[in-house]
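For reference, the chains in residue letters:
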Amino acid sequence: MTMETISANRSFGGWHKQYTHQSEVLGCNMRFAVYMPPQAEEGETVPVVYWLSGLTCSDENFMQKAGAHRVAAELGVAIVAPDTSPRGEGVPDDPEGAYDFGLGAGFYVNATQEPWAKHYQMYDYIVNELPALVKSELPVSDSWSISGHSMGGHGALMIALRNPGMFCSASAFSPICNPMEVPWGQKALGNYLGDDREQWRQYDTCELIRTAREVPPILVDQGSDDSFLAEQLQPERLVRAVASSGLDFELRMQPGYDHSYYFIASFIEEHLRFHAEHLAAK
C-alpha cells in the first residue's frame, strides 16, 4: 500500500497532513488525516491516538474544530483521523439520503448484507489496514490509544474491547453506548448485518463490557444537555453494564454541555493527557 499527500499545513511546530490511498479492504479510495508532532521531525518515533468521528463527519471535523494540535505537540503524540465510511463511485448510500446510514455512517462494523458488504468493512479498515499503513509509512511507535465521538465513541470503545492489548487506553465523547437498543444503532446494524440480533452483539459496547475480562483504562465524557442523550446515547445503560462487570471505568457527566465540537474542544486536552499517560507507561 502507498499513500499520497494531498494537503499539508504547519501547526504548533508539527504538521497536519491529509493523505489518500487505495483501500483493498473497502474497495475504494480513502482519505485520512494525520497530525505529526514536532518530535517526529527530530528522529523520534511517536505514539498514536486514533480518533473516530461521528455521523456525517470526515477526517476534517476533528482536525479543524477540536483544538487538539497544541496539546498533541506538547505531549509528542500523533493523531490519526480516518473517514467515517467508504466513499466514491459505486459505493452505495442510504436510498432515501438519510444522514444516519450509508455514506458518512459506516458505524465501524463489517457489513454482511448486500449491497453493503462489498465496501462497508470499516471494522477491518480501522483495526487492520489503516494502522498497518500508518506504521509502514510514518515514524510512529507500537503504542496506540483510541478515542471518538458519538458513532465514533461507539467505535472506539467497541474496538478497544474487542482487541485486548491493542490499545493502551480508550476514551469517548457522547458515545452511542448500546446500539442494539437505540434507533441509530438498530437502523445501522439491521441494514449492515441483517435481522439476526445475535450478530449485532459483537459491535455493542454494553454487551461486550458485560463479558470483558481485560480492558484498557477507559474515560467517557457526556454532556448533560446533549439533545441525543435520552433517545440515542443512553449512558445509563453503560453505567449498569460496567457495574455488573466489576470493571474500573470512569464516565463523567458534564453539566450544560451538548453534542457539539464546543464540548469536545472543552475536554480534548484532558483526554489527550489521559492517553499520553497510558501510552508512556507501555
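Structure's up top.
The structure contained in this document is the topic of the report that follows. All residue numbers refer to positions counted from 1 along the written sequence of the respective chain. Residues qualify for local features only when their pLDDT is at least 70, as the model is predicted, and side-chain atom pairs are given and counted only at 80 or more; totals for whole chains, interfaces and linings, by contrast, use all residues. For side-chain calculations, the full set of non-hydrogen atoms in the structure is used, while hydrogens and water are omitted.

1. Re the overall build of the protein
In terms of helices and strands, the protein carries 10 helices and 9 strands. The reference for a compact globule is 2.2 Å times residues^0.38; the radius of gyration itself is calculated from the C-alpha atoms. For the protein, the C-alpha radius of gyration of 18 Å lies close to 19 Å, the compact-globule estimate for 282 residues. For the C-alpha atoms alone, the extent of the protein along its principal axes is close to 50 × 45 × 35 Å. Remark: exposure states derive from per-residue accessible area (1.4 Å probe, protein chains only) relative to the maximum for the residue type, with buried under 20%, exposed over 50%, and partly exposed in between. Across the 282 residues that make up the protein, the buried fraction comes to 60%. The long-range fraction of contacts in the protein, counting pairs at least 24 apart against all pairs at least 6 apart in sequence, stands at 71%. Note that accessible areas follow from Shrake-Rupley with a 1.4 Å probe, and for residues the cover is restricted to the protein chains shown. Split by element, the accessible area of the protein, about 11,200 Å² in all, is 47% carbon and sulfur. All tallies of charge rest on Lys and Arg as positive and Asp and Glu as negative; His and the ends of each chain are not included. By convention, the point assigned to a charge is CZ for Arg, NZ for Lys, CD for Glu and CG for Asp. Each charge class in the protein was averaged separately, 19 positive and 37 negative side chains, and the resulting centres sit 2 Å apart. Under the scheme used here, helices are H or I runs from DSSP no shorter than 4 residues and strands are E runs no shorter than 2 residues, and both carry numbers assigned from the N terminus. Any pair of residues with heavy atoms lying within 4.5 Å of one another is described as a contacting pair.

2. Focus: the pairing of strand β2 (residues 14-23)
Of all the 10 residues making up β2, 7 are buried; the element is thus mostly covered by neighbouring parts of the structure. As paired elements, strand β1 (residues 3-11) and β2 share 8 bridges and run antiparallel to each other. Bridged to E4 within β2 is T20. Hairpin connection of β1 to β2: 2 residues between the antiparallel strands, including F12 at a positive phi of 50 degrees. Here, a strand pair is defined by DSSP locating no fewer than two bridges between the strands. Looking at chain direction, β2 and strand β3 (residues 28-36) are connected through 9 bridges and run antiparallel.

3. Quick notes on the state of the cysteines
Note that a disulfide, as used here, is simply two cysteine sulfur atoms within 2.5 Å. Scanning all chains against the criterion turns up 0 disulfides. Here C28 is not cross-linked by a disulfide; its sulfur's nearest cysteine counterpart is in C57, at 18 Å. Judged by relative accessible area, which is 6%, C28 ranks as buried.

4. Remarks on the side chain of H16
Looking at the secondary structure, you find H16 in strand β2. On the basis of relative accessibility, which here comes to 11%, the residue H16 falls in the buried class. Non-local contacts of H16, meaning those with residues more than four positions away in its chain, are made with S7, A8, N9, A33, V34, Y35, M63 and H69.

5. A short note on the sheet that holds strand β5 (residues 78-82)
Taken in spatial order, the 9 strands make up an open sheet running β1-β2-β3-β5-β4-β6-β7-β8-β9, and their pairing is mixed. Unpaired on one side and paired on the other, β1 and β9 (250-254) mark the two borders of the sheet. Each neighbouring strand pair of the sheet contributes to a mean axis angle of 20 degrees, computed without reference to strand direction. Two strands pair when backbone bridges link them, and strand β7 (residues 170-173) and strand β8 (residues 218-223) are joined in this way by 4 bridges, in the parallel orientation. Among the inter-strand pairings, A172 is bridged to a residue of β8, identified as V220. What counts as an axis is a line fitted to C-alpha atoms, over the stretch in contact for a helix, and the angles between N-to-C directions run from 0 to 180 degrees.

6. Let's talk about the nonpolar core
To qualify as a nonpolar core, a set must consist of buried Ala, Val, Leu, Ile, Met, Phe, Trp, Tyr and Cys residues joined through side-chain atoms within 4.5 Å. Of all hydrophobic cores here, the largest spans 70 residues; its most connected members are F32, Y50, F107, I146, I159 and Y192. Per-element tally for this core: the top contributor is helix α3 (residues 122-137), with 8 residues. When sequence neighbours within four positions are dropped, the list of residues in contact with I146 reads Y50, L52, A156, I159, A160, F167, S169, A170, S171 and H275.

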